[in-house]
Amino acid sequence: MTLSVEKEVNPHFEDFLFDWRCKTQLLVGGYGSSKSYHVALKILLKLLEEKRTALVVREVYDTHRDSTFSLFTEIIEDLGLSGKVKTSSSPMTVKFPNGSKIIFRGMDKPEKLKSINNISLIWLEECSEIKYAGFKELLGRLRHPTLDLFIILSTNPVSKGNWVYKHFFKNELEEYFVLDDEDLYKQRTIIVNNTYYHHSTADDNLFLPASYIEQLDEMASYDPDLHRIARKGRFGVNGVLVLPQFETKPHDLVMNEIAMIRKPIRKNGMDFGFVDSYNAVLRMVVDHEKKWLYIYWEYYKRGMTDDKTADELEEEGLKKVIIKADNAEPKTIAYFKQRGFRMYSCKKLTRVENTKKMKRFKRIICSEACVNTIRELKELTFKKNPKTDEIIEDEFIIDPHTFSAMWYGLDDYEVASVKGVNSK
């Protein structure tokens, strides 16, 4: 049985509604862009045309009631299909005259997923709230003996540290690259590796009142992070930057600037690691007159025994320089000393003290050759207390090994001269 429906839609979503070329479809957009509305409409049109069972998933099951389920109900009524397509609120389901149905589940109740069979279409709404392990589990639930399989993901673009960005765009730590998000913002729709990408903002929703867009624009003055997400629909840094003065320059330019410093202060720091963490060594130069810090060389590896690490650092000429290292590893420091390194334990300062010291540099200039330092520090943000939303001054969103190497290497340097420190 085929039902004929007519509905005015936003032009930016017209092609998306009927484009089923790709198994995976990712919609990234700002607030009010109408991406969720058009995903729901697309699924309804598909299930009217073909007998399918669709699964709609959110992290928390109860949030469906006022979001996805409510949206499907609204569209069904708007299309005049209430007499044909039936909705039930307990449990939440949508049933079609041709036998198609939509079921709703939450990742907070994983046992409810186990009994699902013959799912040929899945929609992950607010997919950035779902864990990566949950996404992979849902891919395993997507199976049908005859029908083509589809999985649609929709989200506001949160942090670049979120799995959505790392999986669908790039993960610098793992040297994994699929798509530059800037290309998506420019082209608006792209197909890469059987994945359909779609970007949208409030400007694409012709049905929004001007007052709503004005509210989004106002966010720029009081919450730049939220403005980036809500108004521009772009991935980026969420939260308060630890080192807002951090910048990068080409390596040759950094070395030229270092050569021009009148009285350079040279420092080297090392953080130890093995399995889960990294051996990180930074070579740095301070311009004390300007209060600028330069980072021009890095060593960053894990899974290395001390003897192999020592061999590699010796090859780089680091036996000749003083290295300050983590004072919590006296045995390792003793080993490097036996190998002839001029390595010493750093002074013991708290994480808060060390962080405040780094923030006192007017500029921190890093060579583009130090890719791991850039990855860890350029977008490093403080963790927040989930109850108060206030930053935690000694906790970060990642464990930045290069930041620790900075602390150790600069343990006896004060950015502001105090009682003659750094005067020589």
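All of the points below concern the structure found in this document. (Residues numbered from 1 in each chain as written. Predicted model: local features only at pLDDT ≥ 70, side-chain atom pairs only at ≥ 80, totals over all residues. Heavy atoms only, no water.)

A look at the environment of Y132
Within the secondary structure, Y132 is located in helix 4 (residues 132-141). Sequence separation between Y132 and L71 is 61 residues, and the spatial gap between their C-alpha atoms is 25 Å. Dropping the residues within four chain positions of it, Y132 is found in contact with W163 and H167. In terms of polar contacts, Y132 uses its side chain to reach the side chain of H167, at 3.0 Å. (Helix = DSSP H or I, 4+ residues; strand = E, 2+ residues; numbered from the N terminus. Contact = heavy atoms within 4.5 Å. Polar contact = N/O pair within 3.5 Å; in protein donor to acceptor, adjacent residues only side chain to side chain.)

Things to note about the nonpolar core
Counting residues in each nonpolar core, the largest one holds 37 residues, and the members touching the most others are I43, F72, I102, F104 and W123. Broken down by secondary-structure element, the contributors of at least two residues to this core are helix 1 (14-18), helix 2 (35-49), strand 2 (53-58), helix 3 (68-78), strand 4 (92-95), strand 5 (101-106), strand 6 (121-125) and strand 7 (150-155). Examining the composition of this core, we find that 9 residues originate from one element, helix 2, more than from any other. If we skip the residues at most four places from it in the chain, I43 touches A54, F72, I102, L121, W123 and I152. (Core = buried A, V, L, I, M, F, W, Y, C linked by side-chain atoms within 4.5 Å. Buried < 20%, exposed > 50% of the residue type's maximum accessible area, 1.4 Å probe, protein only.)

A closer look at helix 10 (residues 306-315)
Buried residues of helix 10: T309, A310 and L313, and no others. Buried positions in helix 10, seen along its axis, are confined to an arc of 100° and lie on one side of it. On its buried face, helix 10 sits against strand 13 (265-271), strand 14 (279-287), strand 15 (292-301) and helix 11 (330-338). Taken from the residues just after helix 10, G317 is the one with a positive phi, measuring 80°. (Arc of directions from axis to C-beta.)

Observations regarding the pattern of salt bridges
Evaluation of the coordinates by the stated rule reveals 22 salt bridges. Close ionic contact of R52 with E50 constitutes a salt bridge, the shortest N to O distance being 2.7 Å. Across the pair R363 and E247 runs a salt bridge, and its minimum N-O distance is 2.8 Å. Note that R363 is positioned in strand 18 (residues 363-367) and E247 in strand 12 (residues 246-249), a separation of 116 residues in sequence. Judged by its relative accessible area of 23%, E247 falls in the partly exposed class. Each of the salt bridges in this network shares a partner with another, and the network as a whole consists of K267, K324, D411 and D412. (Salt bridge = Lys/Arg side-chain N within 4 Å of Asp/Glu carboxyl O.)

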